[in-house]
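Structure assessment
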Amino acid sequence: MAQVPSTHLVVVALETYFVPVPPLDLPAPYTYELREYSRTRADQVAERIKDADIVIVTVVPVPAAVLRPEATPRLKMVAVVASGTDAVDLAACKARGIVVANTPHCNAVSVAEHAISLYFATRRSLALSHTLVRSGEWPKHGTLQKALNGPDSKPPRTCRDETLGIVGYGAVGKVLESTAKGLGMKVLISGRKGASTAPEGRTTFDTLIRESSVIVLCLPRSPETLNLISGTELDTMKPYAVIVNVSRGGIVDETALVAALRNKKMAGYGTDVYHQEPASPENNPLVAPDTADLNLVTTPHVAWCAEDTNANYNRALKENIEGWLRTGEPKYPVE
């Protein structure tokens, strides 16, 4: 447990562009001053947090170098306004006794709805159809309905004919399951990759990959989940399957994914996340110029974005900071 600092706190918010910081109701005798920055580059972090007692961060890296006592002598807490904490060096924080808290489940509804949006857009080839219409292809051919066909040359399936495989059964996965069942889909929940058996109510990972017509990835990034979907999985999927990724970049091998689409081993891919972000034609194969003819739907890591998400983030952030000052523990600690 980190020691609570002196009663006047310097709170530094590095990325209010994403979610504004709410007024904090600190218990007596604590007071605070808030230093807000709309965006912060990695090379600006050290200077901006050098006097901080509490740092509020979303995605900008907070590495071990800025967590050394000589770099941030007053730092006692890192409050992450996100579920994922991969931007923070947790080992360095633990070694120094810095409390880390995150804000889990705040975006579950928004991310699940975004996943469903990407499913529909991918299954019905909306981005590809949009490109063809704008490039003048419709008058040339009289109809563009075949643009919706999968590699099996069949029209798109409807929800009642889909089997949705959910990989990652946290808050997002549970909302997604309920939504998908309401649309008439059959739902499978994945067990761990590499396990030969799955707990009751789950399906082994390999079976889910083979049997699903839609696969949604909504799991954390970790060393165990990097390249979870790569050539082997793409080779065993149904040719009319689509993948939706609302997890983190790096969980899908993007180069292998593009090759699978080009070789008609799958029907489409919708993603909100990328191995390198911000993604651009210069740094990511998914948005390179030579993918314009593929059924790829891309959004810029905004699945979390919703009015109720911001309200939830604000509530959880306040509960973490205020709870830590009252009890020595945030409501949502990260070990």
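Heads up: the structure comes first, above all this text.
Quick caveat, the model's predicted, so the values are computed rather than measured.

Examining the overall build of the protein
Looking only at helices and strands, the protein has ten helices and eleven strands in total. Computed over C-alpha atoms, the radius of gyration of the protein comes to 22 Å, within 12% of the 20 Å expected from 2.2 N^0.38 for 335 residues, which places it in the range of a compact globule. A principal-axis box enclosing the C-alpha atoms of the protein has dimensions of 70 × 50 × 30 Å. Across the 335 residues in the protein, those meeting the buried criterion constitute 50%. A separation of at least 24 residues holds for 64% of the contacts in the protein among residues at least 6 apart in sequence. For the protein, the exposed surface amounts to about 16100 Å²; the carbon and sulfur share of it is 53%.

Some words on the layout of surface pockets
Its volume calculated, the second largest pocket comes out at about 450 Å³. The wall of the second largest pocket is formed by 25 residues, among which Asn149, Gly150, Pro151, Lys264 and Ala267 lie closest to the centre. Taken together, the elements giving at least two residues each to the lining of the second largest pocket come down to helix H3 (108–123) and helix H9 (254–262). Looking at the lining of the second largest pocket, its residues break down into twelve nonpolar, six polar and seven charged.

As for the environment of Gly250
By secondary structure assignment, the location of Gly250 is in the loop between strand E9 (242–245) and H9. The exposure class assigned to Gly250 is buried, which follows from its relative accessible area of 5%. The spatial distance from the C-alpha of Gly250 to the C-alpha of Leu226 is 5.4 Å, given a sequence separation of 24 residues.

What about the pattern of salt bridges?
Counted according to the given criterion, the structure contains 19 salt bridges. A salt bridge links Glu33 to Arg35; the nearest nitrogen and oxygen atoms lie 3.4 Å apart. The class of Glu33 is partly exposed, set by a relative accessible area of 31%. For the salt bridge of Lys331 with Glu319, the shortest nitrogen-to-oxygen distance reads 3.6 Å. Residue Lys331 is located in the segment after helix H10 (307–327), and its partner Glu319 is located in helix H10; the two are separated by twelve residues in the primary sequence. You can call Lys331 partly exposed: its relative accessible area is 48%. On the basis of relative accessibility, which here comes to 25%, the residue Glu319 falls in the partly exposed class. A single network of salt bridges, built from pairs that share partners, joins Asp25, Lys318 and Glu322.

Some points on the nonpolar core
Membership of the largest hydrophobic core comes to 50 residues, with the highest contact counts inside it found for Ile54, Ile56, Leu164, Leu176, Val216, Val246 and Ile321. In this structure, Leu176 is in contact with Ala112, Ala115, Ile116, Leu164, Ile166 and Val216, ignoring residues within four places of it in sequence. Within the second largest apolar cluster, 27 residues are counted, among which are Leu257, Ala260, Met266 and Tyr269.

What to know about the environment of Val111
By the secondary structure assignment, Val111 is in helix H3. Judged by its relative accessible area of 6%, Val111 falls in the buried class. Along the sequence, Val111 and Ala121 sit ten residues apart, while their C-alpha atoms lie 15 Å from each other.

Looking at the sheet that holds strand E11 (residues 296–298)
With parallel pairing, six strands are arranged side by side in an open sheet as E7-E6-E8-E9-E10-E11. Unpaired on one side and paired on the other, strand E7 (186–189) and E11 mark the two borders of the sheet. Across the sheet, the mean angle separating the axes of adjacent strands is 15° when strand polarity is ignored. Two elements, strand E6 (residues 163–167) and strand E8 (residues 214–217), share four bridges in a ladder whose sense is parallel. When the bridges of E8 are listed, Val167 appears paired with Leu217. Where H3 meets the sheet, it contacts E8, E9, strand E10 (268–271) and E11, and its direction lies at approximately 150° from that of E9. Against the sheet, helix H6 (residues 171–182) contacts E6, E7 and E8, and its axis sits at roughly 175° relative to E6.

Considering the sheet that holds strand E2 (residues 31–36)
One key point about sheets: their strands pair by backbone hydrogen bonds, in either a parallel or an antiparallel sense. Strand order in the open sheet formed by five strands is E2-E1-E3-E4-E5, and the pairing between neighbours is parallel. The open sheet has two free edges, formed respectively by E2 and strand E5 (99–101), since each of these has just one partner strand. Across the sheet, the axes of successive neighbouring strands diverge by a mean angle of 15°, strand direction being ignored. Sheet analysis places strand E1 (residues 8–13) next to E2, joined by six bridges and oriented parallel.

Observations concerning H3
Along its 16 residues, H3 runs 22 Å from first to last C-alpha, staying within 8% of the 22 Å computed at 1.5 Å per residue. Residues of H3 that are buried include every one of Ala108, Ser110, Val111, Ala112, His114, Ala115, Ile116, Leu118, Tyr119, Ala121, Thr122 and Arg123, and no others.

What to know about empty space enclosed by the protein
Rolling a probe over the atoms, with the probe sized like a water molecule, indicates the empty space that remains. All chains considered together, the criterion is met by one cavity of 30 Å³ or more. The space that makes up the largest cavity amounts to roughly 50 Å³. Forming the boundary of the largest cavity are Ala13, Leu14, Glu15, Thr16, Val19, Val21, Ile56, Val57, Thr58 and Val81.

Definitions and cut-offs
Residues numbered from 1 in each chain as written. Predicted model: local features only at pLDDT ≥ 70, side-chain atom pairs only at ≥ 80, totals over all residues. Heavy atoms only, no water. Helix = DSSP H or I, 4+ residues; strand = E, 2+ residues; numbered from the N terminus. Rg over C-alpha atoms; globule rule 2.2 N^0.38 Å. Buried < 20%, exposed > 50% of the residue type's maximum accessible area, 1.4 Å probe, protein only. Contact = heavy atoms within 4.5 Å. Areas by Shrake-Rupley, 256 points an atom, 1.4 Å probe, with all protein chains shown as cover. 1 Å grid on protein atoms, 1.4 Å probe; cavity = no way out; pocket = protein on both sides within 12 Å on 5 of 7 lines; lining within 4 Å. Points joined across faces, edges and corners; volume = space filled by probe spheres on them. Nonpolar A, V, L, I, M, F, W, Y, C, P; charged D, E, K, R; others polar. Salt bridge = Lys/Arg side-chain N within 4 Å of Asp/Glu carboxyl O. Core = buried A, V, L, I, M, F, W, Y, C linked by side-chain atoms within 4.5 Å. Pairing = 2+ DSSP bridges. Axes fitted to C-alpha atoms, helices over the stretch in contact; angles between N-to-C directions. Expected span 1.5 Å × (residues − 1).

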